Amino acid sequence: MPLLDSVAHILKETGPLHYRDITNELLNRGLWSTKGKTPEATVNARIATDIKNKGVTSQFTRVTPGVFHLTQYVTAGSESPDNVGTPGGNTTMSFTDSAEYILDIFADRKPMHYREITDRALSEGILVTKGATPEATMYAQILTEIKRRTQRSDDPRFVKHGKGMVGLWKWTPKGVARTVAEHNKVVRRQLRTELLNLSPKGFEELIGLLLAEMGFDSVEVTPLSNDGGIDVRGNLIIDGVLPIRMAVQAKRWKANVQAPAVQQLRGSLGAEEHGMLITASGFSKGATTEAERPGATHIAIVTGDELVDLLVRYEIGVARTEHTVAEVVDGGLVSLVEGEEYHTGS
């Protein structure tokens, strides 16, 4: 049975499915086989191409990004909650999500210019913006995400290829860059484990050391037995002249910090003190809301992931090792010595 007919057979039974789930159904039922390394991408591309080429006559409809259904059921008034909002049943996406989608479907595993990515996203109806320069916004958000994920030693979704060209990280073959990224992810996990293995006093000492490395002045770890809810105090110096007194509470917890802990820290602050709560875990939604509650003293919060970021950035418990990697320039030696015509005198 042809691939798209098999997809239609599955959707008729199951209703709307994400292309990853469609692929699993195809493979598990033996309706399709492939030697490709990315079968999900193949299925996604085949369905999307059918929709693109045939338009309203396609037997498939994209009801949300990555989720497909049979057109006959959608146009017949299917009550599927996924069929919302925009032409063709699509829904809008963020700049970076729409960029990933366009590269997945239309790029054929080759870099695309950010302007073309933006134009495609707008024409497909998956990106809606009132901004006057959507191309600039697209490129800025892609570059910002690359920088942020690289700092966190996470795999970026995107790779910058120069001159405005962008590709997907998952296209990157196994090599030095991917090996380094995978190694750094292991190191980050080790740091998280070591944070949880510290004693309460050791965790407070670590936070004191971190604040000193970050440029805080007069850092003091308070006595464990009588800290009044404050574990570390220090002055954050702004522009070298303006000191801001910070009172820090350090929570070496495995469970997420809840709102009462934020309220307790706020109640322990002295005159003109600002609060910061650092944990090895995370914060509940209520704790985050409480930290930012209007009309109350703002409490800065630092999650376990953010704490690991800071430890890596300031090289506390980790060491950076740099290597020089040689690569042949584009075009190789021929482009350097035979790229221009040389004329001798007549």
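The model shown is predicted, which means the values in this text are computed figures rather than measured ones.

Along helix H6 (residues 114–123), the positions that sit buried rather than exposed are Tyr114, Ile117, Thr118 and Ala121. In a view along the axis of H6, the buried residues occupy a sector of 95°, so they form one face of it. Once H6 finishes, Gly125 follows within two positions and takes phi at roughly 80°, a positive value.

Let us now look at the sheet that holds strand S5 (residues 158–162). The strand order across the open sheet formed by 3 strands is S4-S6-S5, and the pairing between neighbours is antiparallel. Either end of the sheet is taken by a strand with one partner, and the two such strands are strand S4 (112–113) and S5. Bridge count between S5 and strand S6 (residues 165–168): 4 bridges; the pairing is antiparallel. Bridge pairing links Phe158 to Leu168 in S6. Relative to the sheet, helix H5 (residues 95–106) contacts S4, S5 and S6, its axis offset from that of S6 by approximately 80°.

One water molecule sets the probe size; rolling that probe over the atoms shows where empty space is left. Looking at the second largest pocket, its volume works out to about 410 Å³. Surrounding the second largest pocket, 15 residues form its lining, Thr38, Ala41, Thr42, Asp104 and Arg109 being those nearest its centre. Those elements giving two or more residues to the lining of the second largest pocket turn out to be helix H2 (19–28), helix H3 (39–54) and H5. Of all the elements, H3 adds the most residues to the lining of the second largest pocket, at 4 residues. In terms of residue class, the lining of the second largest pocket is built from 6 nonpolar, 2 polar and 7 charged.

Before going further, it helps to examine the side chain of Asn235. One can find Asn235 in strand S8 (residues 232–238). By relative accessible area, which is 17% here, Asn235 ends up buried. Of note is the side chain of Asn235, whose polar atom sits 3.4 Å from the side chain of Arg245. Residues within four places of Asn235 in sequence aside, it is in contact with Gly215, Phe216, Asp217, Ser218, Pro243, Ile244 and Arg245.

This paragraph deals with unusual backbone geometry. The residue Arg109 is not glycine, and still its phi comes out positive at about 60°. By relative accessible area, which is 47% here, Arg109 ends up partly exposed. One non-glycine residue with positive phi stands out, namely Ser218, at about 55°. Mapped onto the elements of the fold, Ser218 is located in strand S7 (residues 217–221).

Compared with the 16 Å implied by 1.5 Å per residue over 12 residues, the 17 Å span of helix H1 (residues 3–14) between its first and last C-alpha is a close match. Those residues of H1 not exposed but buried are Leu3, Leu4, Ser6, Val7, Ala8, Ile10 and Leu11. Its buried side turned inward, H1 meets strand S1 (17–18), H2, H3, strand S2 (60–64) and strand S3 (67–70). Gly15 lies just past H1 and shows a positive phi near 85°.

Analysis parameters
Residues numbered from 1 in each chain as written. Predicted model: local features only at pLDDT ≥ 70, side-chain atom pairs only at ≥ 80, totals over all residues. Heavy atoms only, no water. Buried < 20%, exposed > 50% of the residue type's maximum accessible area, 1.4 Å probe, protein only. Helix = DSSP H or I, 4+ residues; strand = E, 2+ residues; numbered from the N terminus. Arc of directions from axis to C-beta. Pairing = 2+ DSSP bridges. Contact = heavy atoms within 4.5 Å. Axes fitted to C-alpha atoms, helices over the stretch in contact; angles between N-to-C directions. 1 Å grid on protein atoms, 1.4 Å probe; cavity = no way out; pocket = protein on both sides within 12 Å on 5 of 7 lines; lining within 4 Å. Points joined across faces, edges and corners; volume = space filled by probe spheres on them. Nonpolar A, V, L, I, M, F, W, Y, C, P; charged D, E, K, R; others polar. Polar contact = N/O pair within 3.5 Å; in protein donor to acceptor, adjacent residues only side chain to side chain. Expected span 1.5 Å × (residues − 1).

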